[in-house]
Amino acid sequence: DLDLLLGGGTKIAMSKEEFEWRANAAYNERCAGLGHDAFDPNWPVLARGYAPFCKHLFVENFLPDCTVPVAEITDDNRHLLRTGYGARTPQELPVL
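Remember, predicted model here, so these are calculated numbers, not experimental data.

How each quantity is defined
- Residues numbered from 1 in each chain as written.
- Predicted model: local features only at pLDDT ≥ 70, side-chain atom pairs only at ≥ 80, totals over all residues.
- Heavy atoms only, no water.
- Helix = DSSP H or I, 4+ residues; strand = E, 2+ residues; numbered from the N terminus.
- Buried < 20%, exposed > 50% of the residue type's maximum accessible area, 1.4 Å probe, protein only.
- Contact = heavy atoms within 4.5 Å.
- Areas by Shrake-Rupley, 256 points an atom, 1.4 Å probe, with all protein chains shown as cover.
- Phe/Tyr/Trp six-rings, centres within 6.5 Å; stacked < 30°, edge-to-face > 60°.
- Salt bridge = Lys/Arg side-chain N within 4 Å of Asp/Glu carboxyl O.

### Some thoughts on the overall build of the protein
At step 1: Helix and strand counts for the protein come out as one helix and two strands.
At step 2: Counting from the amino terminus, helix and strand elements in the protein follow one another as α-β-β.
At step 3: Counting every position in the protein, which comprises 96 residues, the buried fraction comes to 15%.
At step 4: Nonlocal contacts in the protein, meaning residues at least 24 apart in sequence, comprise 24% of its contacts between residues at least 6 apart.
At step 5: Per element, the accessible surface of the protein, about 8500 Å² overall, is 57% carbon and sulfur.

### Some details on the packing of aromatic side chains
At step 1: All told, the structure shown has two aromatic pairs when counted by the stated rule.
At step 2: Both rings, one in Y50 and one in F53, keep their centres 6.0 Å apart while their planes meet at 85 degrees; by these two values the pair is edge-to-face.
At step 3: Since its relative accessible area comes to 70%, Y50 is described here as exposed.
At step 4: Its relative accessible area of 68% is what places F53 among the exposed residues.

### Things to note about the pattern of salt bridges
One side chain can pair with another of opposite charge once the charged atoms of both are near each other.
At step 1: By the definition in use, this model includes three salt bridges.
At step 2: Note that R22 and E18 form a salt bridge whose closest N and O atoms lie 3.0 Å from each other. Note that R22 and E18 are positioned in helix α1 (residues 16–33) at a spacing of four residues, about one turn of the helix.
At step 3: The partner of R78 in a salt bridge is D75, with the nearest N and O atoms 3.4 Å apart.
At step 4: Assessed through its relative accessible area of 68%, D75 is described here as exposed.

### A word on the environment of L57
At step 1: Here L57 lies in the segment after β2 (55–56).
At step 2: Take L57: its relative accessible area is 30%, and that puts it in the partly exposed class.
At step 3: As a C-alpha pair, L57 and A26 span 31 residues in sequence and 9.0 Å in three-dimensional space.
At step 4: Residues in contact with L57, not counting those within four places in the same chain, are A23, Y27, R30, V45 and L46.

Rendered as structure tokens:
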């Protein structure tokens, strides 16, 4: 089993082969549904990543026991959220 431990203890209980098969099936289904060649490197089904060789495939969650932990933002917890751009040194570009 893939059995990866993620952030809060979520486990992916499916084999690597099944996970790969499902991801490939989602990709092929999207390509076929839009009438395009799945092997075209310029096909927009894959989102561009940080580098030319990096691509992202966004699919619906097909893992029945894998959920994303979320918390509602309320007036009571809003003061705990902080975000902004910062750099560790003057030579570094600020990042979020």
